[in-house]
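Overview (structure and organization)
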Amino acid sequence: MSFLAPYFLLLGGAAAVPLLLHLMRRNIATKVDFPAARYLQRAEQEHSRSLRLRNLLLMLLRVLLVLTLAIAAARPFLAGFGVGHGPTAVAVVLDNSLSTTAVSDGAPVFTTLRNAATSFVEATTSSDRVWLVTADGRVRGGSREALLAELSRLTPLDDAGDLPLAVRRAAAAAQGAGLPARVIAVATDGQRSAWTDVRHVDVTTSVLVPTGTPPRNRSVLSLDPDPALWTPRGAISANIDAPDSVGYRLVVGSRTLARGAVSRGEPIQLRVSPPERGWQALRVELEPDDFAADDARYAAVWIGAPPSVAVDPSAGPFVTTAVSSLVGDGRAAVGHDVRLASADEVTALPALLTPPADPVRLGAANRALAKLGVPWRYGAMQSSPALARGARVDGIAISSRYRLLFEGAGRSDTLASAAGEPWVVSGPGYVLVGSRLDPAATALPIRAAFVPWLADMIGLRLGSQGGEVAAPINARPGASVQLPAGADALESPSGSRRSISSDHATAPAERGVWFVLKGARRIGALVVNSPAVESRLARETAEQLAPRIAGTRAHGTTSVAQWIRDGLAAGSRRPALVPLLLFAMLLLAAEALVVRTTRTAAA
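This is a predicted model, so every value here is computed, not measured.

Moving on, we get to the packing of aromatic side chains. For the coordinates displayed, the defined rule picks out four aromatic pairs. Measuring from ring centre to ring centre gives 5.0 Å for F120 and W563, while their planes differ by 65 degrees; the resulting arrangement is edge-to-face. Within this pair, whereas F120 is found in helix α3 (residues 109-122), its partner W563 is found in helix α10 (residues 560-568), the two being separated by 443 residues in sequence. Grouping residues by exposure puts F120 and W563 together as buried. Here the aromatic rings of F450 and W453 are separated by 6.2 Å at their centres, their planes lie at 20 degrees, and the arrangement is stacked. Highlighted residues: F450 and W453, both in helix α8 (residues 450-462), separated by three residues, approximately one helical turn. Residue F450 is classed as buried on the basis of its relative accessible area of 3%. R522 extends its terminal NZ or CZ atom over the ring of F515, reaching a point 3.8 Å from the ring centre.

Spelled out as structure tokens, the structure:
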């Protein structure tokens with residue numbers, strides 16, 4: 001037994017009052033016999049035994065009544081006895097990940113889960129400590145009324161969240177509450193992919209997974225423009241997951257560019273040349289189904305005029321052939337905006353720079369780099385074979401290369417590496433390659449990736465924007481991102497502006513294309529998509545999931561009422577105040593009955 005207010009037990013001393021009153025009534029004065037009253041003696045003797053028993057019973061009832069009220073005032077808690085539950089630390093984990101927006105049995109699963117969580121919080125008492133933990137790991141504490149208000153405002157995330165993390169944080173909150181009874185109550189749709197990295201927690205856990213089967217789902221798993229800069233033509237590819245054929249449409253900005261239908265497992269592949277210019281949002285949409293959150297996926301491209309390119313013979317025949325292919329495809333033009341040559345032959349930027357064919361000219365090349373303001377220099381020749389690591393060139397064999405040494409200062413990006421060292425680097429107005437673009441130095445010129453790679457270098461790094469057009473940034477909602485230098489705001493899909501204070505930012509929680517602004521000019525795009533894994537709606541049952549969370553200390557159910565009972569059963573030491581007050585009322589009734597019977601007998 002435990003007491004919330006043990007000092008009230010001191011009131012139990014008042015139980016001596018009825019006892020003293022009873023003893024005082026036994027002090028009888030000197031008896032004087034009156035002859036006229038002798039005839040009453042026989043009647044008194046007949047009732048004296050009954051009266052003594054009634055008086056003794058009355059004393060016991062009054063003593064018990066005082067003791068019962070004293071114990072009730074101390075607010076005891078007893079194991080297995082009482083009404084309600086004992087003080088419990090309750091952490092309710094509510095799954096509000098994107099998958100809970102799927103419609104099951106005519107309503108979103110999230111609505112069912114939120115209603116269940118609301119009922120659980122309503123079942124708690126003022127002696128409990130309660131927290132609400134959502135799928136993103138955010139922990140909210142406070143009064144029952146505050147948490148109920150929070151639940152009423154809560155909406156699903158545009159992301160998968162991290163439910164195992166949410167459970168661990170819920171366990172930490174409950175264990176740190178200082179109450180003997182601790183419980184985690186998990187309400188989830190049971191999405192299998194969301195519970196792949198579960199670690200056991202040493203807290204009693206009640207798991208609710210509602211009944212119902214996930215809907216037949218059609219989803220856009222990926223959307224990739226190629227290249228990221230269209231000059232002005234490009235291609236898009238999208239992967240669709242659908243149990244049958246489905247219609248789609250491709251949207252550029254607010255204009256539908258293409259429509260069609262794809263069969264199960266068939267990718268979408270389109271070559272397009274839209275009239276729009278500058279940064280544009282792309283979107284592929286499917287016909288709606290009961291999980292609308294993955295019926296669209298977003299991307300962004302920069303569309304502009306083809307850059308004009310001059311190829312110096314020192315760049316080599318393979319570069320000349322590749323540029324001719326880009327000019328013939330309309331992705332480049334003949335001109336003098338961008339120059340491709342060995343470093344010792346270039347006098348102005350922007351330029352793609354390669355080592356000179358003659359090693360004797362290496363000093364001249366380094367002097368030219370210094371004059372151009374490029375903070376890199378060519379070092380010693382490395383003849384050991386290596387593999388490239390970087391976009392479009394991953395796994396390309398490199399047989400010889402010059403080490404690239406960073407000297408000076410300035411912004412620079414490593415676009416590809418070899419043997420852990422920089423191989424292709426880039427900065428304002430330049431791209432510097434550590435090998436000759438020739439099969440004798442690297443296999444890149446004879447690979448299919450060479451022309452697309454060269455188009456990226458010319459378009460994204462050296463094109464008409466002077467290298468200011470950065471590739472779109474892809475992120476999931478809430479992720480940490482690095483924005484282009486000088487960014488001061490984000491433009492939302494609806495056109496509103498959100499100021500930012502640094503290049504380091506958090507991706508918005510809303511899916512879509514957010515344009516990066518510098519003043520009034522768009523300098524990049526932040527593409528926010530939910531992880532494709534959220535489209536996998538296969539579920540685990542409550543009985544399968546519960547042991548994975550807390551082993552034998554977990555109970556799984558599909559019933560909200562049973563979920564609440566299992567959760568609050570952890571507070572097995574229940575408050576006995578109500579039963580004690582009922583017992584006190586019975587004692588009062590019995591005392592009144594005894595008093596009335598005694599008076600009737602005396603009369």
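There's plenty left to go through after this.
Scanning all chains against the criterion turns up 23 salt bridges. The closest approach of N and O atoms between D244 and R216, which form a salt bridge, is 3.5 Å. On the criterion of sequence distance, the pair formed by D244 in the loop between β12 (234-241) and β13 (246-252) and R216 in the loop between β9 (204-208) and β10 (219-226) is long-range, its members being 28 residues apart. Accessibility expressed as a relative area gives 60% for R216, which makes it exposed. One salt bridge in this structure joins E285 and R249, with 2.8 Å as the shortest N-O distance.

Now for the sheet that holds strand β32 (residues 497-499). One open sheet holds the five strands; their spatial order is β29-β35-β34-β31-β32, and the pairing between them is mixed. The open sheet has two edge strands, β29 (473-475) and β32, and neither has a second partner. Each neighbouring strand pair of the sheet contributes to a mean axis angle of 30 degrees, computed without reference to strand direction. Taken together, the seven bridges between strand β34 (residues 512-518) and strand β35 (residues 521-528) define a ladder with antiparallel strand orientation. Bridged to F515 within β35 is A525.

With 32 residues, the main nonpolar core has L340, L352, W453 and L454 as its most contacted residues. Elements represented by at least two residues in this core include exactly α6 (317-328), β20 (338-342), β23 (386-390), β26 (413-418), β27 (421-427), β28 (430-433) and α8. In terms of residue count, the dominant contributor to this core is α8 (seven residues). When neighbours within four sequence positions are excluded, L340 is seen to be in contact with V309, A310, V311, D312, A315, V319, V323, L352, L454 and I458. Counting 30 residues, the second-largest nonpolar core is a separate cluster that includes A166, A177, W195 and V209.

With that settled, consider the pairing of β28. Of the two faces of β28, the one lined by Y430 and L432 and the one lined by V431 and V433 are each fully buried. In this structure, strand β21 (residues 351-354) lies alongside β28, joined through three bridges in parallel fashion. In the strand pairing of β28, A351 is matched with Y430. What sits between β27 and β28 in their antiparallel hairpin is a turn of two residues, with G429 showing a positive phi close to 85 degrees.

What follows concerns the sheet that holds β13. Ordered by their spatial adjacency, five strands build an open sheet running β11-β17-β16-β13-β14, and the pairing between neighbours is mixed. At either end of the open sheet lies a strand with only one pairing partner, and these are β11 (229-230) and β14 (255-262). Here β11 runs beside strand β17 (residues 296-303); their pairing, made up of two bridges, is parallel. Across the sheet, L229 pairs through a bridge with W302, a residue of β17.

Before going further, it helps to examine empty space enclosed by the protein. If you walk through the whole model with that rule in mind, you get two cavities of 30 Å³ or more. By volume, the largest cavity is sized at about 70 Å³. The wall of the largest cavity is formed by 14 residues, among which L98, A293, D294, R297 and S530 lie closest to the centre. Broken down by element, the residue count for the lining of the largest cavity peaks at three residues, all from β17. Grouping the amino acids of the lining of the largest cavity by side-chain chemistry returns seven nonpolar, three polar and four charged. The calculated volume of the second largest cavity comes to roughly 60 Å³. Lining the second largest cavity are P227, L229, T231, P307, L326, R331, A332, A455, I458 and G459. Top element by residues in the lining of the second largest cavity is α8. It accounts for three residues. Looking at the lining of the second largest cavity residue by residue, the class counts come to seven nonpolar, two polar and one charged.

Quick look at the environment of A592 now. Inspection of the secondary structure puts A592 in helix α11 (residues 577-602). Residue classification places A592 among the partly exposed positions, given a relative accessible area of 43%. On a C-alpha basis, the gap between A592 and L58 in space is 9.0 Å, while along the polypeptide they are 534 residues apart.

A word on unusual backbone geometry. Of note, the amide linkage connecting T231 to P232 takes the cis form, showing an omega dihedral of -15 degrees. The residue P232 is located in the loop between β11 and β12 in this model. The omega torsion of the bond from L349 to P350 falls at 5 degrees, within 30 degrees of zero and hence cis. In this fold, P350 is placed in the loop between β20 and β21. At R392, a position not held by glycine, the phi torsion is positive, near 70 degrees. Along the polypeptide, R392 turns up in the loop between β23 and β24 (397-398).

For any two helices packed against each other, one specifies the crossing angle of their axes together with the interaxial distance. Packing of α3 against helix α4 (residues 144-153) leaves a shortest axis separation of 10 Å and a crossing angle of 175 degrees. Regarding the angle of α3 to α4, the classification is roughly antiparallel. Contact with α3, carried on its side by R114, A117, T118, V121 and E122, involves R144, L147, L148, L151 and S152 of α4 and no other residues of that element.

This paragraph deals with α6. Spacing of three or four residues puts side chains on the same side of an α-helix, whose turn is 3.6 residues. A rise of 1.5 Å per residue sets the reference length of α6, with its 12 residues, at 16 Å; its end C-alpha atoms lie 17 Å apart and thus fit the reference within 8%. All of the buried residues in α6 are V319, A322, V323 and L326. End-on view of α6: buried residues confined to an arc of 100 degrees, all on one side of the axis. Among the exposed residues of α6, those oriented more than 90 degrees off its buried face are P317, T321 and G328. Where α6 is buried, its residues meet β18 (308-311), β20 and α8. Once α6 ends, the next one or two residues include G330, with phi positive near 80 degrees.

Reading the values: rules and limits
- Residues numbered from 1 in each chain as written.
- Predicted model: local features only at pLDDT ≥ 70, side-chain atom pairs only at ≥ 80, totals over all residues.
- Heavy atoms only, no water.
- Phe/Tyr/Trp six-rings, centres within 6.5 Å; stacked < 30°, edge-to-face > 60°.
- Helix = DSSP H or I, 4+ residues; strand = E, 2+ residues; numbered from the N terminus.
- Buried < 20%, exposed > 50% of the residue type's maximum accessible area, 1.4 Å probe, protein only.
- Lys NZ or Arg CZ within 6 Å of the ring centre and 35° of its normal.
- Salt bridge = Lys/Arg side-chain N within 4 Å of Asp/Glu carboxyl O.
- Pairing = 2+ DSSP bridges.
- Axes fitted to C-alpha atoms, helices over the stretch in contact; angles between N-to-C directions.
- Core = buried A, V, L, I, M, F, W, Y, C linked by side-chain atoms within 4.5 Å.
- Contact = heavy atoms within 4.5 Å.
- 1 Å grid on protein atoms, 1.4 Å probe; cavity = no way out; pocket = protein on both sides within 12 Å on 5 of 7 lines; lining within 4 Å.
- Points joined across faces, edges and corners; volume = space filled by probe spheres on them.
- Nonpolar A, V, L, I, M, F, W, Y, C, P; charged D, E, K, R; others polar.
- Parallel < 35°, antiparallel > 145°, perpendicular 65-115°, else oblique.
- Expected span 1.5 Å × (residues − 1).
- Arc of directions from axis to C-beta.

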